[in-house]
Amino acid sequence: MIYRKSEEEIEVMRESCRIVSDVHRLLMPHVKPGTRISDLDAMAEDFIRANGAEPAFKGYSSGSTSIASFPATLCVSVDDEVVHGIPSNRLLERGQIVSIDVGTEKNGFFGDGAITLPVDSVDSEKLRLMNVTREALFRGIDKAQPGNHLGAVSAAIQEHVESNGFSVVRDLVGHGIGRKLHEEPAVPNFGKPGNGPVLEVGMTIAIEPMVNYGTFRVRVDANGWTVRTRDGSPSAHFEHTVYISKDGPVLLTNHFDRENG
Ligand code: MG
């Protein structure tokens, strides 16, 4: 069941999403060599709670009884970590690329967004990987028009990524979002333009390309959460929560735009 939101509900979601983007703005200057990842997490949690919201990932259950619920506010994924990195006392190092994924809930509605940032200077191929991933997200967003099939979003992302020589992760996908963090429909980053549900006004989806430098194949760490590239190559991840309005896609999260990655 795909839930379409009223304009009033969209306004409530805007607030959750505003907090997501403000967390990214808060953390950006701290993404530098020597920063402790757990300190980023603490800053994010304090900010979210001070804004009357809850961290959406903390305590999130994978659904498997053998895996502990997610222990932190942020997913921080470094280099070959694709998504769901667990913040630890590890320090950021120059040359790494770091995905910061933030989820919030306020007044019963969720927001979700991610950005990948360089730690100081990074090599040109990592920069290209980040740029192509961000561009792919916006190629997808441009197709999030009422009347299009969802596959148009997926196909636009895949085409941009693969034409640049990178690969899209298959095992993880974007998602509908609203009263739950993860709602229908699944939003793959690969597919055909005519496939999937037709996008309708009021749908809200989290579009989140996860792009690997090498193989699309991934594996999961023993902690049950952290997803890594199988070949150890770097991976980038960008995400916006997007509202399908009658006039086209509207970013509810706004922590960066196509010009200001
Ligand atoms: Mg998401």
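Calculation rules
- Residues numbered from 1 in each chain as written.
- Predicted model: local features only at pLDDT ≥ 70, side-chain atom pairs only at ≥ 80, totals over all residues.
- Heavy atoms only, no water.
- Helix = DSSP H or I, 4+ residues; strand = E, 2+ residues; numbered from the N terminus.
- Buried < 20%, exposed > 50% of the residue type's maximum accessible area, 1.4 Å probe, protein only.
- Polar contact = N/O pair within 3.5 Å; in protein donor to acceptor, adjacent residues only side chain to side chain.
- Contact = heavy atoms within 4.5 Å.
- Salt bridge = Lys/Arg side-chain N within 4 Å of Asp/Glu carboxyl O.
- Donors = N, O, S within 2.8 Å, 3.2 Å for Na, K, Ca; no water.
- Pairing = 2+ DSSP bridges.
- Expected span 1.5 Å × (residues − 1).
- Phe/Tyr/Trp six-rings, centres within 6.5 Å; stacked < 30°, edge-to-face > 60°.
- Lys NZ or Arg CZ within 6 Å of the ring centre and 35° of its normal.

Enquirer: How do you make sense of the side chain of T35 when you look at a structure like this?
Expert: Of note, T35 is situated in the loop between α1 (7–27) and α2 (37–50). In this structure T35 comes out as buried when scored by relative accessible area, which is 10%. A distance of 2.6 Å separates a polar side-chain atom of T35 from the backbone oxygen of H30. Aside from chain neighbours lying at most four places away, what touches T35 is H30, L40, R90, L91 and L92.

Enquirer: Is there a simple way to explain the pattern of salt bridges in this structure?
Expert: Should the charged atoms of two oppositely charged side chains come close, the side chains can pair. With the rule as written, the count across this model stands at 21 salt bridges. For E45, the salt bridge identified is with R49, shortest N-O distance 2.9 Å. Linking E45 with R49, this pair stays in helix α2, spanning 4 residues, or about one helical turn. Exposure remark for E45: the relative accessible area of 15% places this residue in the buried category. R49 sits in the partly exposed class, given a relative accessible area of 39%. With a closest N to O distance of 3.0 Å, R49 and E54 form a salt bridge.

Enquirer: What should I look at first to understand the coordination of the magnesium ion in this one?
Expert: The reference angle at a metal is 109.5 degrees if four donors form a tetrahedron and 90 or 180 degrees if six donors form an octahedron. Surrounding the magnesium ion are the protein donor atoms D112 (OD), H175 (NE2), E208 (OE) and E239 (OE), which sit 2.1 to 2.4 Å from the metal. Coordination of the magnesium ion draws on donor residues from a single chain, spaced D-x62-H-x32-E-x30-E in sequence. Of this pair, E208 sits in the loop between β9 (204–207) and β10 (210–212) while E239 sits in the loop between β13 (235–237) and β14 (240–245), placing them 31 residues apart in sequence. In terms of burial, E208 and E239 fall into one category: buried.

Enquirer: How should the pairing of strand β5 (residues 109–118) be read in this particular structure?
Expert: The side chains of a regular strand alternate, first on one face of the sheet and then on the other. β5 sits mainly inside the fold: 9 of its 10 residues count as buried. Bridge count for strand β4 (residues 97–106) against β5 is 10 bridges, and the pairing is antiparallel. Paired with I97 across the two strands is P118, which belongs to β5.

Enquirer: Can you walk me through α1 in this structure?
Expert: Along an α-helix, a turn takes 3.6 residues, which lines up residues three or four apart on a common side. The end-to-end C-alpha distance of α1 is 30 Å, a good match for the 30 Å that 21 residues give at a rise of 1.5 Å each. Inspection of α1 places I10, M13, S16, C17, I19, V20, S21, D22, V23, H24 and L27 among the buried residues, and these make up the whole buried set. Those residues of α1 that are buried are in contact with α2, β2 (74–78), β4, β5, β9 and β14.

Enquirer: Help me understand the packing of aromatic side chains, please; the structure alone is not making it clear to me.
Expert: For any pair of aromatic rings, geometry is given as the distance between the ring centres together with the angle between the planes. Tallying each qualifying case throughout the model produces 2 aromatic pairs. Ring centres 5.3 Å apart and planes at 85° place the aromatic pair F70 and W225 in the edge-to-face group. Of the two residues, F70 sits in the loop between β1 (54–55) and β2 while W225 sits in the loop between β11 (218–220) and β12 (227–229), which places them 155 residues apart along the sequence. Under the relative-accessibility criterion, F70 is labelled buried at 2%. Look at F166 and Y213: their rings are 5.4 Å apart centre to centre, the planes differ by 40°, and that puts the pair in the tilted class. Note that F166 is positioned in the loop between α4 (150–163) and β6 (167–168) and Y213 in the loop between β10 and β11, a separation of 47 residues in sequence. Across from the ring centre of F190, 5.2 Å away, lies the NZ or CZ of R170, which sits over that ring. Here R170 stacks its cationic end above the ring of F216, 4.5 Å away from the centre of that ring.

Enquirer: For this particular structure, what's the right way to read α4?
Expert: Compared with the 20 Å implied by 1.5 Å per residue over 14 residues, the 20 Å span of α4 between its first and last C-alpha is a close match. Among the residues making up α4, those that are buried are L150, G151, A152, V153, S154, A155, A156, I157, Q158, H160 and V161. Tucked inside the fold, the buried residues of α4 contact α3 (124–142), β6, β8 (183–187), β9 and β10. Positive backbone phi, approximately 85°, marks G165, located one or two places after α4.

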